Amino acid sequence: NPTSRTDTRVHRFQDCLAASMLERDLDHHSSGSKHSMQMPMFFEWSFDTIVLFEQLHVQNPAAYFVLCLVLIAICILKQYLVLQQVLLVGSRGKIVLETLLYITHTSIGYGLMLVCMTFNAGLFVTTMIGLAIGHFLFPPVTFENVKGLVDSERKLAALQGCCAH
């Protein structure tokens, strides 16, 4: 059938044209950047990585180690801010501070997510360790924790009251 042959040729031509345009666009984008590093789509172990900003290009083990220490500190700070924000929930007159803490720890969390999305296995593991340390140092507040704290304060106040006589 002549019509189906023509349709097949047209489709092949369109496919080839689309493929060559895509290849040209990829070449144009990769040659225009300062660094020709492509983002991996799988975890890799490497000291040579770009983190969040092109200017933050870590290329040696010493800089990588410092970056890992900074990441751990940021993770601990995030968990501390989460705890402080939760403790302020419901406080009268402190809604602005609570909101600032919320947006700060949420922004830090998204930044840490982007660090993990570099697919650098060392940075991923460092981030998880940092969050675990932060969770250990600043555990989440639960109703039982708050109730226990309030009960302890009441008992302490009662003891101080009875000893004052």
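The rules we used
- Residues numbered from 1 in each chain as written.
- Predicted model: local features only at pLDDT ≥ 70, side-chain atom pairs only at ≥ 80, totals over all residues.
- Heavy atoms only, no water.
- Helix = DSSP H or I, 4+ residues; strand = E, 2+ residues; numbered from the N terminus.
- Buried < 20%, exposed > 50% of the residue type's maximum accessible area, 1.4 Å probe, protein only.
- Contact = heavy atoms within 4.5 Å.
- Areas by Shrake-Rupley, 256 points an atom, 1.4 Å probe, with all protein chains shown as cover.
- Axes fitted to C-alpha atoms, helices over the stretch in contact; angles between N-to-C directions.
- Parallel < 35°, antiparallel > 145°, perpendicular 65-115°, else oblique.
- Left-handed = near helix turned anticlockwise from the far one by under 90°.
- Core = buried A, V, L, I, M, F, W, Y, C linked by side-chain atoms within 4.5 Å.
- Expected span 1.5 Å × (residues − 1).
- Arc of directions from axis to C-beta.
- pLDDT = per-residue confidence, 0-100.
- Polar contact = N/O pair within 3.5 Å; in protein donor to acceptor, adjacent residues only side chain to side chain.

Describe the overall build of the protein chain, with residues and values.
Of regular secondary structure, the protein chain possesses five helices and two strands. Ordered by position in the sequence, the α and β elements of the protein chain form the string α-β-β-α-α-α-α. Within the protein chain, buried positions represent 20% of all 165 residues. Taking as baseline every contact in the protein chain between residues at least 6 positions apart, the subset at least 24 positions apart corresponds to 60%. Per element, the accessible surface of the protein chain, about 12400 Å² overall, is 67% carbon and sulfur.

Quick one: what's the story with the packing of helix α2 (residues 61-88) against helix α3 (residues 95-116), residue by residue and with numbers?
At a closest axis distance of 9 Å, the pairing of α2 and α3 adopts a crossing angle of 150 degrees. One way to sum up the angle between α2 and α3 is to call them roughly antiparallel. Crossing angle aside, the handedness with which α2 passes α3 is left-handed. Facing L71, I74, C75, L77, K78, L81, V82, Q84, Q85 and L88 of α2, the residues of α3 in contact are L97, E98, L101, Y102, T104, H105, I108, G109, L112 and V115.

Account for the side chain of T127, with residues named and values stated.
Tracing the backbone shows T127 in helix α4 (residues 121-137). When its relative accessible area of 1% is taken as the criterion, T127 is described as buried. Apart from the residues lying within four places of it in its own chain, the contact partners of T127 are L71, C75, L112, V115 and C116.

Account for the nonpolar core, with residues named and values stated.
Counting 14 residues, the largest nonpolar core has V51, Y64, L67, L71, L112, V115 and L123 as the members making the most contacts within it. The set of elements that each furnish at least two residues to this core consists of α2 and α3. In terms of residues, this core owes the most to one element, α2, which gives seven residues. Those residues in contact with V51 that lie beyond four places of it in its chain are L56, L67, V115 and L123.

Now, about unusual backbone geometry: what can you tell me, with residues and values included?
Most peptide bonds adopt trans geometry, and most residues besides glycine take a negative phi value. Unusually for a residue other than glycine, L52 sits at a positive phi of about 65 degrees. Tracing the chain through its elements places L52 in the loop between β1 (49-50) and β2 (57-58).

Which residues make up α3, and what values go with them?
The end-to-end C-alpha distance of α3 is 31 Å, a good match for the 32 Å that 22 residues give at a rise of 1.5 Å each. Every buried residue of α3 is listed here: E98, L101, H105, I108, G109, L112, V115 and C116. Relative to the axis of α3, the buried residues are bounded by an arc of 115 degrees and lie together on one face. The exposed set on the far side of α3, more than 90 degrees from its buried face, consists of I95, V96 and Y110. Buried residues along α3 sit in contact with α2 and α4.

Could you give an account of the confidence of the model for the protein chain, naming the residues involved and the relevant values?
Looking at the protein chain, the pLDDT average stands at 79 and 62% of residues meet or exceed 70. Here helix α1 (residues 2-31) stands out as the element of the protein chain with the lowest mean pLDDT, 60, in contrast to α4, whose mean of 95 is the highest.

So, α4: which residues are in play, and what are the values?
The periodicity of an α-helix, 3.6 residues per turn, causes residues three or four places apart in sequence to face the same way. With 17 residues, α4 should cover 24 Å at 1.5 Å per step; its first-to-last C-alpha distance of 24 Å lies within 8% of that length. At the N-terminal end of α4, a side-chain oxygen is found 3.1 Å from the backbone nitrogen of G122, two or three residues along, and the residue is N120.

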